[in-house]
Amino acid sequence: MSKSVSADQFKKAIDGAGIESVKYWSGWKNEWRGMKWKGKNNNPQFLVLHHTAGASTDSTDPKHKGNQTSADEGQAKFVNRHPSFDPSLPASQFTLRRSGHLDVNTFNVCYHAGEGSFKGTEWSGHSVPDNAGNSYGLGIEIVSKGQKDDLTEAQWQTLARLAVALKDLYGWKDTSTYYFPRHKDWAPKRKVDIKASNSKVQKKFTEYAGQWDGHTPDYDVLKKADEDRTLASKAVWRLACRLADIGYGSKNWKPELYVQTWPVKTMIEYNERWAPDMEDKSVLGPKAFTRIFEEGK
Ligand SMILES: [Zn+2]
């Protein structure tokens with residue numbers, strides 16, 4: 001991105017990240033106290049990982065009642081309009097609930113990093129002046145008890161997909177630690193979040209990283225492969241990768257470029273969910289095409 005990212009570009013990237021559940025809180029486009037990004041091209045340069053330390057459970061069982069989206073409503077509300085700021089404003093750009101649901105509080109600058117420094121660290125290349133982290137980095141509050149390494153797999157999955165989306169949106173080189181520091185990497189004397197090591201974060205990113213290369217195939221090219229199911233084109237591979245990334249097909253499915261042919265079983269699985277009345281559920285309709293590639297669901 002050679003220009004400052006707009007609200008529309010931001011929303012398109014998040015909506016297309018393959019994150020199952022996203023909420024944009026009202027006022028997410030607001031600019032707070034006239035603050036603007038001071039990073040390269042007037043964009044943020046990294047995402048700071050925080051935890052709320054206020055979760056109701058440290059269980060990682062997805063069925064646990066404390067890991068349902070509604071269980072974290074209070075936490076999400078608190079982060080969205082932090083009551084100790086006057087007037088209240090977001091305490092981070094994102095909140096990541098234990099269910100994997102993502103709340104977008106703002107895409108503009110807000111307070112989350114506080115006093116700190118990257119001088120003499122592996123992040124010094126970001127050239128952030130001391131105590132100015134808020135103007136150079138986004139923040140995500142991950143709902144957790146903060147007592148141990150207790151993030152849910154759903155949280156890791158959303159974080160990994162968000163990481164890829166932000167990297168592409170802002171033109172960051174990759175999803176390495178350099179672009180995803182923990183709060184304690186910025187403020188080691190004051191902060192302990194997040195408890196997970198940077199290598200654990202990287203491991204989880206790799207585990208959940210998308211296989212799709214981010215290019216939307218041409219619908220007509222894709223339809224050719226729908227009609228001739230012996231074709232193993234790049235377009236089919238992109239469809240298969242995208243379906244795998246958003247949770248369809250068998251768990252460890254790795255579509256291979258120029259080998260993967262029309263994913264019949266997975267298309268049926270997809271259409272059974274979205275178009276149960278369809279006569280032939282193995283085909284790709286125009287609505288599904290848009291939903292899969294643009295909306296990531
Ligand atoms: Zn923090």
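Residues numbered from 1 in each chain as written. Predicted model: local features only at pLDDT ≥ 70, side-chain atom pairs only at ≥ 80, totals over all residues.

Topic: the packing of helix 6 (residues 219-227) against helix 7 (residues 234-245)
Our working rule: Note on definitions: angles span 0 to 180 degrees between N-to-C directions of axes, and those axes are lines fitted to C-alpha atoms, for helices only across the stretch in contact. Runs of H or I in DSSP of at least four residues are treated as helices and runs of E of at least two as strands, each being numbered from the N terminus. Should an angle fall under 35 degrees it is called roughly parallel, over 145 degrees roughly antiparallel, and 65 to 115 degrees roughly perpendicular, with every other angle called oblique. Whether two residues are in contact is decided by their C-beta atoms, placed from the backbone, lying within 7 Å. As a working rule, the residues Ala, Val, Leu, Ile, Met, Phe, Trp, Tyr, Cys and Pro are called nonpolar, Asp, Glu, Lys and Arg charged, and the rest polar, with Gly in that last group.
Two numbers describe how helix 6 lies on helix 7: the axes approach to 8 Å, and their chain directions differ by 90 degrees. By the angle between their directions, the pair helix 6 and helix 7 is classed as roughly perpendicular. Contacts between helix 6 and helix 7 pair Val221, Leu222 and Ala225 from the former with Ala235, Val236 and Leu239 from the latter. Its residues placed into classes, the contact of helix 6 with helix 7 shows 6 nonpolar, no polar and no charged.

Quick notes on unusual backbone geometry
Phi is mostly negative for residues that are not glycine, and the peptide bonds are mostly trans. Definition in use: Exposed residues have 12 or fewer other C-beta atoms within 10 Å of their own C-beta, buried residues have 20 or more, and partly exposed residues fall in between, where C-beta atoms are placed from the backbone.
At the junction of aspartate 86 and proline 87, the peptide bond is cis and its omega measures out at -5 degrees in the coordinates. As for its position among the elements, proline 87 is in the loop between helix 2 (73-80) and strand 3 (94-96). Cis geometry marks the peptide bond from aspartate 193 to isoleucine 194; its omega dihedral reads -5 degrees. Checked against the element boundaries, isoleucine 194 lands in the loop between helix 4 (183-186) and helix 5 (198-208). Unusually for a residue other than glycine, alanine 53 sits at a positive phi of about 60 degrees. Here alanine 53 lies in the loop between strand 2 (46-51) and helix 2. Classification of alanine 53 by C-beta neighbours within 10 Å gives partly exposed; the count is 17.

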